[in-house]
Amino acid sequence: MKFSCSQQDLSKALNTVSKAVTSRTTIPILKGILLEVDGNTLKLSASDLDLSIERIIEVTAEEEGSVVVSARLFSDIIRKLPNEEIMIEEQENKSIVIKCLSSEFTIVGQPADDFPNIGEIQEEKKLFLEKDILKDMIKKTSFAASIDESKGIIVGVLIEMEEESLNMVALDGFRMAITRETMKNEEKKRIIISARILNEINKIITENEENKEIYMILEDKKAFFLLEDTKIVLRLLEGDFIKYNDILPKENKCRITVSRTDLLNSIERASLLAKEGKNNLIKMSIFRDKIIITSRSEEGNVKEEVFVEKEGEDLDIGFNSKYILDVLKVVTDESMIMEFNTSVSPCLIKPVEGRAYEYLVLPVRISTN
């Protein structure tokens, strides 16, 4: 194998595929990146068996071939080289020589035969996804999935294809996030993808702005996300997701319409004291036309007032400020609705009009004295 290419193109491709490399594996080959030269293209592949990524770039090839290189070492070397032409050549003993201007590295390689097969696409039905919509939906839900691997299926995000909409749902036992986009789908399907993997996909989409079109292909146990020069293969999570519609409250005793920005700024200020108390606890007292937000710790106390439009009863309720802030930071609406029942019932946050999103946040018990 012998080829040359620009440092910038190779570094960018390595940045993409490296997202599928894990340091936690006990399988040495999975700490590597597979380089395959065929014609005048270089295909880079990486996999942790749950997530696999392929990226193709144009190169000037003198000799075809394939080899596996250490992902960390190879990426570090390429990233540190100047933005010039790089020459890479495989030696007989599988070592790789990297040359650029006055720099020359020789690193150990491994046989390509030992690298896992990422898999070919069997299903031909492609679902077109608008890049910005996909990015927005991931951002609005993935934060609410559990990060505790022992919690099973709720480390994933449910992607639900209905006849007229695409829905994403995530929950972790303390909050739930639902986002919906109008989209016509030929068939109904429900899949669950690890939130960690969805976040990596979001980074890849964001970093590769030149890729305008994204297609998703679903198989029984795998999903493929196809960008112009990148293929992402992931293993679907198996199991039944919680029936989230059953959790949503059907009625409320207190309903407010509030400015998102005003509430965000007030809770951010109040949470400065809440963090000092180590539990992020804020208290919201809703009465007449305002919410009074308070927090106290050994370091001091804070009081904030936000004007609202209220219907129904007055209410005192406590929250982990982080859970409310996480919602306020991803919603972009000027105003939104918050619905409450009792001081120990979850709060429902939703848009003033439509059903584009719904967030459920469990309260924290507060002392009444």
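Along each chain, the written sequence defines residue order, and numbers are assigned to residues from 1. In keeping with the predicted nature of the model, local features appear solely for residues at pLDDT of at least 70, side-chain atom pairs appear and are counted solely at 80 or more, and the whole-chain, interface and lining totals rest on all residues. Think of the side-chain values as coming from all heavy atoms in the structure, minus any hydrogens and water.

Visitor: Quick question: what am I supposed to make of the pattern of salt bridges here?
Guide: Opposite charge on two side chains lets them pair, provided their charged atoms get close. Any Lys or Arg side-chain nitrogen located within 4 Å of an Asp or Glu carboxyl oxygen qualifies as a salt bridge. In this structure the tally under the stated criterion is 28 salt bridges. In this structure, the salt-bridge partner of Arg-255 is Glu-311, at a minimum N-O distance of 4.0 Å. Residue Arg-255 is found in strand 19 (residues 254-259), and its partner Glu-311 is found in strand 22 (residues 300-312); the two are separated by 56 residues along the sequence. Connected through salt bridges with shared partners, the residues Glu-36, Lys-43, Glu-54 and Lys-231 form a single ionic network. Each helix corresponds to a stretch of at least 4 residues labelled H or I by DSSP, and each strand to a stretch of at least 2 residues labelled E; elements are numbered beginning at the N terminus.

Visitor: Where do I start with the sheet that holds strand 20 (residues 281-287) in this structure?
Guide: Strand pairing in a sheet is mediated by backbone hydrogen bonds. Such pairs are either parallel or antiparallel. The strand order across the open sheet formed by twelve strands is 15-12-13-14-26-25-24-19-22-21-20-23, and the pairing between neighbours is antiparallel. The open sheet has two edge strands with one neighbour each: strand 15 (189-194) and strand 23 (315-320). On average, each strand axis in the sheet is inclined to that of its neighbour by 25 degrees, with strand direction left out of account. Across eight bridges, the pairing between strand 21 (residues 290-297) and strand 22 is antiparallel. Counterpart to Arg-296 in the pairing with strand 22 is Asn-301. Here, strands pair whenever DSSP counts at least two bridges between them. Note on geometry: axes are C-alpha line fits, over the in-contact stretch for helices, and angles between N-to-C directions span 0 to 180 degrees.

Visitor: Sorry, what's going on with the environment of Ser-146 here?
Guide: Along the chain, Ser-146 falls in the loop between helix 3 (131-141) and strand 12 (156-161). With a relative accessible area of 8%, Ser-146 lands in the buried category. When the C-alpha positions of Ser-146 and Val-157 are compared, they lie 9.5 Å apart, and in sequence the two are eleven residues distant. What Ser-146 contacts, discounting residues up to four positions off in sequence, is Lys-151, Ile-154, Val-155, Leu-171 and Asp-172. Only protein chains enter the calculation, and the probe is 1.4 Å; a residue is then buried if its accessible area is under 20% of its type maximum, exposed if over 50%, and partly exposed in between. The criterion used for residue contact is that any of the two residues' heavy atoms lie within 4.5 Å.

Visitor: Can you help me understand helix 7 (residues 321-330) in this one?
Guide: Among the ten residues that make up helix 7, eight are buried, leaving the element largely enclosed by the rest of the structure. All buried positions along helix 7 are accounted for by Ser-321, Tyr-323, Ile-324, Leu-325, Asp-326, Val-327, Leu-328 and Val-330. Residues adjacent in sequence count toward polar contacts only when both atoms are side-chain atoms; beyond that, a polar contact is any pair of N or O atoms within 3.5 Å, and within protein one must be able to donate a hydrogen and the other to accept it. Measuring from the side-chain oxygen of the N-cap residue of helix 7 to the backbone nitrogen of Lys-322 gives 2.9 Å; that N-cap residue is Asn-320.

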